[in-house]
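If you want the building blocks of each chain, they are given just below.
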Amino acid sequence: NLVGAFIVGDGPDLPDATHAHSCRETCEMIFGPCASGSGYYEGSTAATEITGTCYGDTFDDLADATLVGSYVVRDGPLWSLSPTTYSCIDACEHIFGRCASSYAGSIVSTHVTATCYGNSYASTCSDPQPDRYVNGLKYETAGAWSAFVNDNGCNRLNYCCCMQYEVPG
């Protein structure tokens, strides 16, 4: 659900000027905690869909993150084995182990986009999805989506970044 919008640079000075705030953190500061209590804000540059990114996102140049590594979507388990589906965050933890705070995914190496590539069951590479997105428990039926699976040779690269602070979600 769309909670609200803000213009980057038009807000009040934030109390912690030494810490760069993510889009999610900024939304929590402006709009308060998510109403559901268990959800988290997802940034967007469009009012009609969740893009997982914000203009002016403060993750520029990896100031709040350390690039741990990258992986190719097709390097995941073979689709015909009905593997577990992975979000980008799940794949980062599976490949590189846990990080001190939490991972964020990216489709570029220069800054955190909080998005990643993946594959829809029996289809080709998908457009970027939020880095926590996954569909289905197993990659075995139409509609299943995974950021780490060998299906139709998706050769897109996802980057794994360890954030300097815990990302809600």
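Below you will find a few notes about this structure. (Residues numbered from 1 in each chain as written. Predicted model: local features only at pLDDT ≥ 70, side-chain atom pairs only at ≥ 80, totals over all residues. Heavy atoms only, no water.)

## Points about the side chain of S106
Phase 1: Tracing the sequence through the fold places S106 in strand β2 (residues 103–106).
Phase 2: Those residues in contact with S106 that lie beyond four places of it in its chain are H111, V112, T113, A114, T115, L157, N158 and Y159. (Helix = DSSP H or I, 4+ residues; strand = E, 2+ residues; numbered from the N terminus. Contact = heavy atoms within 4.5 Å.)

## Section: the nonpolar core
Phase 1: Formed by 14 residues in total, the largest nonpolar core has its most connected members in Y71, C88, C92, Y103 and A147.
Phase 2: Mapped onto this core, the elements with two or more residues apiece are α2 (88–96) and β7 (157–163).
Phase 3: A per-element tally of this core places α2 first, with four residues.
Phase 4: Beyond its immediate chain neighbours, meaning those up to four positions away, Y103 contacts V68, I89, C92, E93, F96, G97, R98, R132, C160, C161, C162 and M163. (Core = buried A, V, L, I, M, F, W, Y, C linked by side-chain atoms within 4.5 Å. Buried < 20%, exposed > 50% of the residue type's maximum accessible area, 1.4 Å probe, protein only.)

## A look at the packing of aromatic side chains
Phase 1: Across all of its chains, the model carries five aromatic pairs by this definition.
Phase 2: With 6.2 Å between their ring centres and 80 degrees between their planes, W79 and Y121 make a pair best called edge-to-face. Residue W79 is located in the loop between β1 (65–72) and α2, and its partner Y121 is located in the loop between β4 (119–120) and β5 (129–130); the two are separated by 42 residues in the primary sequence.
Phase 3: Residue classification places Y121 among the partly exposed residues on the basis of a relative accessible area of 24%.
Phase 4: Looking at R156, its charged tip hangs above the ring of Y117, at a distance of 4.5 Å from the centre. (Phe/Tyr/Trp six-rings, centres within 6.5 Å; stacked < 30°, edge-to-face > 60°. Lys NZ or Arg CZ within 6 Å of the ring centre and 35° of its normal.)

## Quick word on α2
Phase 1: Regarding α2, the residues found buried are C88, I89, A91 and C92. Buried residues of α2, seen end-on, are gathered within an arc of 160 degrees and therefore sit on one face of the element.
Phase 2: Tucked into the core, α2 has its buried residues touching β1, β2, β3 (115–116) and β7.
Phase 3: Where α2 begins, the capping side chain belongs to S87, and its oxygen is found 3.3 Å from the backbone nitrogen of I89.
Phase 4: Count one or two residues on from α2 and you reach G97, which has phi positive near 80 degrees. (Arc of directions from axis to C-beta. Polar contact = N/O pair within 3.5 Å; in protein donor to acceptor, adjacent residues only side chain to side chain.)

## A closer look at the pairing of β2
The side chains of a regular strand alternate, first on one face of the sheet and then on the other.
Phase 1: Neither face of β2 is left uncovered, since the one carrying Y103 and G105 and the one carrying A104 and S106 both have all their residues buried.
Phase 2: In this sheet, β7 lies alongside β2 in antiparallel orientation, the contact comprising four bridges. Paired with S106 across the two strands is Y159, which belongs to β7. (Pairing = 2+ DSSP bridges.)

## Description of the sheet that holds β2
Phase 1: Taken in spatial order, the three strands make up an open sheet running β1-β7-β2, and their pairing is antiparallel. Of all strands in the sheet, those bounded by a partner on one side alone are β1 and β2. Direction aside, neighbouring strands of the sheet carry axes that sit 30 degrees apart on average. (Axes fitted to C-alpha atoms, helices over the stretch in contact; angles between N-to-C directions.)

## Looking at the side chain of S87
Phase 1: Counting through the fold element by element, S87 comes out in the loop between β1 and α2.
Phase 2: Judged by relative accessible area, which is 3%, S87 ranks as buried.
Phase 3: Apart from residues no more than four positions distant in its own chain, S87 is found in contact with D131, R132, Y133, V134 and A147.

## As for the state of the cysteines
Phase 1: Summed over the entire model, instances satisfying the criterion amount to three disulfides.
Phase 2: Between the sulfur atoms of C92 and its disulfide partner C160 the distance amounts to 2.1 Å. Between C92 and C160 the disulfide shows an S-S torsion of about -85 degrees. By sign, it is left-handed. With C92 in helix α2 and C160 in strand β7, this pair connects stretches of sequence that are 68 residues apart. Across the pair, exposure class does not vary: C92 and C160 are buried alike.
Phase 3: The thiol sulfur of C88 is not disulfide-bonded, and the nearest other cysteine sulfur, from C116, lies at 3.9 Å.
Phase 4: Residue C88 is classed as buried on the basis of its relative accessible area, which comes to 0%.
Phase 5: Here C161 stays free of any disulfide, with the sulfur of C160 as its closest cysteine sulfur at 7.3 Å.
Phase 6: C161 sits in the buried class, given a relative accessible area of 1%. (Disulfide = S-S within 2.5 Å.)

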